[in-house]
Amino acid sequence: MLAAALALGACVPDAAKAPVVAVPAEPALRSTPEGQALVRLALMHARGSGVARDPAQTVRLLMEAMGKGEPAAHVEMGLLTAGGLFGVPKDEAAAARLFERAWSARLPAAAYWLGQLHYAGRGVEKDFVKAREWHGRAAELGEARAQFALGWMAEQGEGGPPDAVGAADWYRRSAAQNNASAMNNLAGLFAAGRGVERNDPAAFALYERAAGLNNAAALNNLGRWYRDGRHVARDDRRAVELFRRAVRLGDRTAMNNLGSMYENGRGVERDPAEAARLYRRAAGLEDEKDS
């Protein structure tokens, strides 16, 4: 989960040239307009949004903001340190310390990332109980990603007994903040009648909302419902369209489903060669772009 969420790492590939800057002595953490502006400008340089893409400048601005006691700067530097990005040496234990420092200012994102580190055992001991504790701190402060994580752990029985009712509650809270993954998982509970009363209309509506946010799993699930005629009239062409969108996002289950549609000529002209290509992609035997 952590690697997929290191968003800065996807922004600037040419990070090796960025200088490594020593961490300055830090005052007590307190967010200020100046510190917030430095972090926002750093992220703009990371993405090349409105300014030149510049990994070195990203690091310099974050370090300056850290020196001024800006909690968010510690979180962003923690992400760079956890991933070894932008020329910052990879040190997951140091990343955990940066997140802990940010948590001293009760920044919800800091608790979320500490939960992620404990979940994956990166820089800290792998401990689902501690992961739930950290996610819980963040979730109670309104962090949607942590609410989703708590829902997932409750559903899977990680760090405690399985609790579908609790999972549904956390998914609801996260979905209310427009978290598409939470919408998709809550839809799955409604579809199965787990933790909630079975409700196909509610599930379908949630899948549609999440698909509208380009969530790959929801696109695939919505495609299945159109393929199977569940809650809606069967529509193979619509199913193929949804599976294709999910495939473009790299969803392997959708690759299998779209392959089956080609193999059986449902919603598309029968094409065994295309089916085989999709099955190979789903199996990890090919890494080519979806047509």
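Residues numbered from 1 in each chain as written. Predicted model: local features only at pLDDT ≥ 70, side-chain atom pairs only at ≥ 80, totals over all residues. Heavy atoms only, no water.

Judged by nonpolar contacts, the single largest core of 43 residues is most densely connected at Tyr171, Phe190, Tyr207, Leu222, Tyr226 and Leu258. Those elements giving two or more residues to this core turn out to be α8 (144-156), α9 (164-175), α10 (180-192), α11 (200-212), α12 (216-228), α13 (236-248), α14 (252-264) and α15 (272-282). Among the elements that make up this core, the one with the highest residue count is α10 (8 residues). In this structure, Val75, Leu79, Ala138 and Ala146 belong to the second largest nonpolar core, which totals 21 residues. (Core = buried A, V, L, I, M, F, W, Y, C linked by side-chain atoms within 4.5 Å. Buried < 20%, exposed > 50% of the residue type's maximum accessible area, 1.4 Å probe, protein only. Helix = DSSP H or I, 4+ residues; strand = E, 2+ residues; numbered from the N terminus.)

Remark: helix α5 (residues 92-103) packs on helix α6 (residues 108-120), axes separated minimally by 8 Å, with the N-to-C direction vectors making an angle of 150°. Here α5 is positioned roughly antiparallel relative to α6, judged by the angle of their axes. Two packed elements cross with a definite hand, and for α5 against α6 that hand is left-handed. Residue-level contacts link Glu92, Ala96, Phe99, Glu100, Ala102 and Trp103 of α5 to Pro108, Ala110, Ala111, Trp113, Leu114 and Leu117 of α6. For the contact of α5 with α6, a count of residues per class yields 10 nonpolar, no polar and 2 charged. (Axes fitted to C-alpha atoms, helices over the stretch in contact; angles between N-to-C directions. Parallel < 35°, antiparallel > 145°, perpendicular 65-115°, else oblique. Left-handed = near helix turned anticlockwise from the far one by under 90°. Contact = heavy atoms within 4.5 Å. Nonpolar A, V, L, I, M, F, W, Y, C, P; charged D, E, K, R; others polar.)

This part covers the packing of α13 against α14. Contact geometry for α13 and α14: axes closest at 8 Å, N-to-C directions at 140°. It follows from the interaxial angle that α13 and α14 lie oblique. As α13 packs across α14, the resulting crossing turns out to be left-handed. On α14, the residues that touch Asp236, Ala239, Val240, Phe243, Arg244, Ala246 and Val247 of α13 are Ala254, Met255, Asn257, Leu258, Met261 and Tyr262. Taken together, the residues of the contact of α13 with α14 sort by class into 10 nonpolar, 1 polar and 2 charged.

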